[in-house]
Amino acid sequence: IFFRPLERPMPATMYNTMQPEAPVVQHSTPTWIPILALCGIGAVVGSVVFKVSPATYASELRAALPHSSAVRSPALRTLGGTRWIKSPVGSVGEQGYPALPLNQALSSTRMVGSVAPAAQPASLQLPTLVAASMIGMAVAAFAWLRRRPAAAYNAGMGPSPVAMVAVSGERHVEDRDIKHSGLSTHHSARRTRRYSTATAEAPSSNPLLIQTGLPKFGAIEADNVEPAVKQLLESLQADFDKLEARAETASGQDAYKETVEGMEVIGAPLEYAWGVVSHLLGVKNSEELRNAHQAMQPQVITTMQKLGQSVPVYRVMQALKEDAAAWGALEEAQQRIVESSLRSMKHAGVGLEGEELEAFNKIALELAELSTKFSNNVLDSTKAFAMTITDKADLEGLPDTALGLAAQTAKAKGHESATAEAGPWVLTLDIPSYLPAMQHLKNRDLREQLYRAYVTRASAGDTDNSPIITRTLQLKKQRAQMLGYKTHAEYSLASKMAGSVEEVDELSELLRTASFEAAKKELAAVQAYAQKNGFEGDLALWDVTYWAERQKEELYAFTQEELRPYFSLPAVLDGLFGLCERIFDVKIVPADGEAEVWHPDVRYFKIYDGDEHIAGFYLDPYSRPENKRGGAWMGVCQGKSQVLDRKPVAYLTCNGSPPVGDVPSLMTFSEVETLFHETGHGLQHMLTRVPYGEAAGISNVEWDAVELPSQFMENWCYDRPTLYGFAKHYSTGEPLPEDLFEKLKAQKNYNAGMQMIRQTLFQAIDIELHHRYDPDDAAGPSPFDVYQKLAVNYSVTPPLPEDRFLCSFGHIFAGGYSAGYYSYKWAEVMSADAFAAFEEAGLDDEEAVRAVGRRFRDTVLALGGGKHPAEVYREFRGRDPSPEALLRHSGLA
């Protein structure tokens, strides 16, 4: 059950690679019964300890009572809004005492224990005895109430992150786990008691087992992982055994409830705990957390595979689909959930038996381990590189913001006296450090060192991903063939919009044809510009970015650094949220302090539709190379679910430029686009109106359609009202000068051909390795050889012979994009065409923009996986998408 994040595609020099919560259990036993029982036990123990007989105790207590005879007791009741206290019958005499309002009872009980007639020495112990009894009562009450999940009182925001584990085998190891749980309504509470008692028995001291509200990030430690996951695995297995038994006798509508809804409920506690751990691996990585994750991962995968291979559940769902009456009674979204679940269970190996099934499960386990190892190796190799510079002359050309970050990094690495002016400075392979260096450093030797280090990350020593790549390709091929597919690409495309590898190849060729010649002309122009300005010879790979930046500055008469002061993160967020209110009619408000966070830089926000709180999200905006993965992604904390009565919550994770000193984060324009991109993913997750967890938000959306909302949002960065909603100088408040805005728009398609051909190369190598390449041919070419060969037709800047880009291509080897990287361009055709609807309506016509925006929300953002994305798009646009808008927006039409 590994959640695969929705990631930003790999830009010119970077790429990227996400998780859960659980159900609540309400207890049917009245709270006052165990409290009263334990209170009585406390009284008896007190009698023995202080050598006071029960009769004497009763006599003294009766004497201490006022004539009203109300006695303090834990048995409270509410009558007509007034809290009353009622004395127990028989414990202090032969008669019960009439109830009094609580305030009178409290004023009366102040006398209890204060009456100590001198004639009865034994009663001198009465105050202590009563105190002991009261302490016993208090401890009992506290223990019992602590044992009850607070989510019984939760208004629906209880955490519950990641996936419908059992009925969706495919999502366990290949795609993304995006289902979650949390519950509090009356009907769902009853269902929880029926299916799961894991939360009820959980020790409250383990934050992974306190699954109410949002995750307890402030308390979660690596030591919590193993005990929590072990307990939840045991509970899940027990609950699943019961579900299987009931499922075999279920029919009609009951079949859907017992399987789909039942699995959603019983899987929620484990999904919560494991999802939170997986999320922390990406944003707060540590050796201890890795070890804990690695220790439990085999057991988690084994259990999930077993659930996904349940023959009884599969048969019941298949019978449901074949029952015309029952099938017709289901909504379209529910039918899609069943169909997707059947396919996913097939991909989980439900049709395999004996040794073949055993081998299949071993493959699933090993693939998960390899994926985690791949990601950790990239993080470790990136973190291991640090170039310390002591001579400022070596950094000539580096902007002040980059110098400040380099000095701040040096401080973090032990150079306490480092300053931006005097150094020392440390450059790293983390994008906020690496990219400005490649764009601006005049020192060619330093650029070469940085470039070679970057393209060979995770390719040597203990962090070498080369064998992991080969082994992963072998295992995916084996798994696909065991399931009846020829290749992993065919296996992957079975659940996507693209019907075949041929359709993906057609898209790649269309884009290659449109961009290759343009890319060659663009490179020649950069070469000519460099030579005109004194460069001799052919441009090397570490020269292209530097000279392209110089050419762009001259062509458009501005630098990216000139823009930074106008893009402070607080202002950008205000503008982004204003856009969401303008076109989608929702308000996003800060809610810092209402949710625990994993780092002080993380913020929490709530989304309102009118006065109704409908969703929330975390924002982790800055780079932290010491323990945070590179790239940007949207992850699911919890999804919308009627059965679990929960609201959607997302993780939006970026790796932007951090604040330096007292200066706020000043973003590059690319970082602004990235933030808008990830917010688009988040909006589809959070603005869903599908009530069924397995089809709400991004759940059950075909993978090659999920990038539609994200890439759609990027277009608004060039919209004048939107940009001027946030482009204000961070210190003066002055808006972005008009001439800079015009230049920004003019440079949008600078070197668009090289950018597109690069993305086309990535999707081509992905399909090539997963469809035509034979990883079992030891005498054949290596994956790196295939990459070099393919680059001849898909690149105008051939990679270095030692290039090991694939060793850090986490999208396809550690993410959910294997045989699916083409999804970016596939969805970009739709996103460009979708934005064209606003252009056709008139971007200057505010009323028309709002109308089209509401339609986009009501279709693309609201319908989630409840309808096929092609149908959803037709509802929005009135027709199928056209590639014309993409080519036009890219300047390649």
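Residues numbered from 1 in each chain as written. Predicted model: local features only at pLDDT ≥ 70, side-chain atom pairs only at ≥ 80, totals over all residues. Heavy atoms only, no water.

## What to know about the pairing of strand S9 (residues 612–622)
Remember that side chains alternate between the two faces of the sheet whenever the strand is regular. Of all 11 residues in S9, 10 are buried, a share of seventy percent or more. In this structure, strand S8 (residues 603–609) lies alongside S9, joined through seven bridges in antiparallel fashion. If you follow Ile607 over to S9, its bridge partner there is Ala615. Where S8 folds back on S9, the antiparallel hairpin that results is connected by two residues, among which Gly610 adopts a positive phi of roughly 70 degrees. Pairing between S9 and strand S11 (residues 649–656): six bridges, direction parallel. Its bridge partner lying in S11, Leu619 is registered against Leu652. (Buried < 20%, exposed > 50% of the residue type's maximum accessible area, 1.4 Å probe, protein only. Helix = DSSP H or I, 4+ residues; strand = E, 2+ residues; numbered from the N terminus. Pairing = 2+ DSSP bridges.)

## Quick notes on unusual backbone geometry
Residues Gly423 and Pro424 are joined by a peptide bond in cis, for which omega reads -5 degrees. Considering the arrangement of structural elements, one finds Pro424 in the loop between helix H16 (400–412) and strand S6 (425–427). Positive phi outside glycine occurs at Ala557, with the angle close to 55 degrees. Assignment of secondary structure puts Ala557 in the loop between helix H22 (541–556) and helix H23 (560–563). Positive phi outside glycine occurs at Asn751, with the angle close to 55 degrees. Judged by relative accessible area, which is 9%, Asn751 ranks as buried.

## Some thoughts on the side chain of Gln305
Positionally, Gln305 belongs in helix H11 (residues 287–308). Here Ala348 takes part through its backbone oxygen, which lies 3.5 Å from a polar atom of the side chain of Gln305. (Polar contact = N/O pair within 3.5 Å; in protein donor to acceptor, adjacent residues only side chain to side chain.)

## So, the confidence of the model for the protein
Across the protein, the average pLDDT comes to 82, with 77% of residues at 70 or higher. Under a pLDDT of 50 for its full length, residues 142–203 has, in the predicted model, 259 contacts with residues more than four places off or in other chains. (pLDDT = per-residue confidence, 0-100. Contact = heavy atoms within 4.5 Å.)

## With respect to the packing of aromatic side chains
This model, assessed by the stated rule, comprises 43 aromatic pairs. An aromatic cluster of at least three residues, connected via ring pairs, comprises Phe584, Phe712, Trp716, Phe835, Phe838, Phe856, Tyr873 and Phe876. One residue, Arg720, lies across the ring of Tyr724, its end atom 4.6 Å from the ring centre. (Phe/Tyr/Trp six-rings, centres within 6.5 Å; stacked < 30°, edge-to-face > 60°. Lys NZ or Arg CZ within 6 Å of the ring centre and 35° of its normal.)

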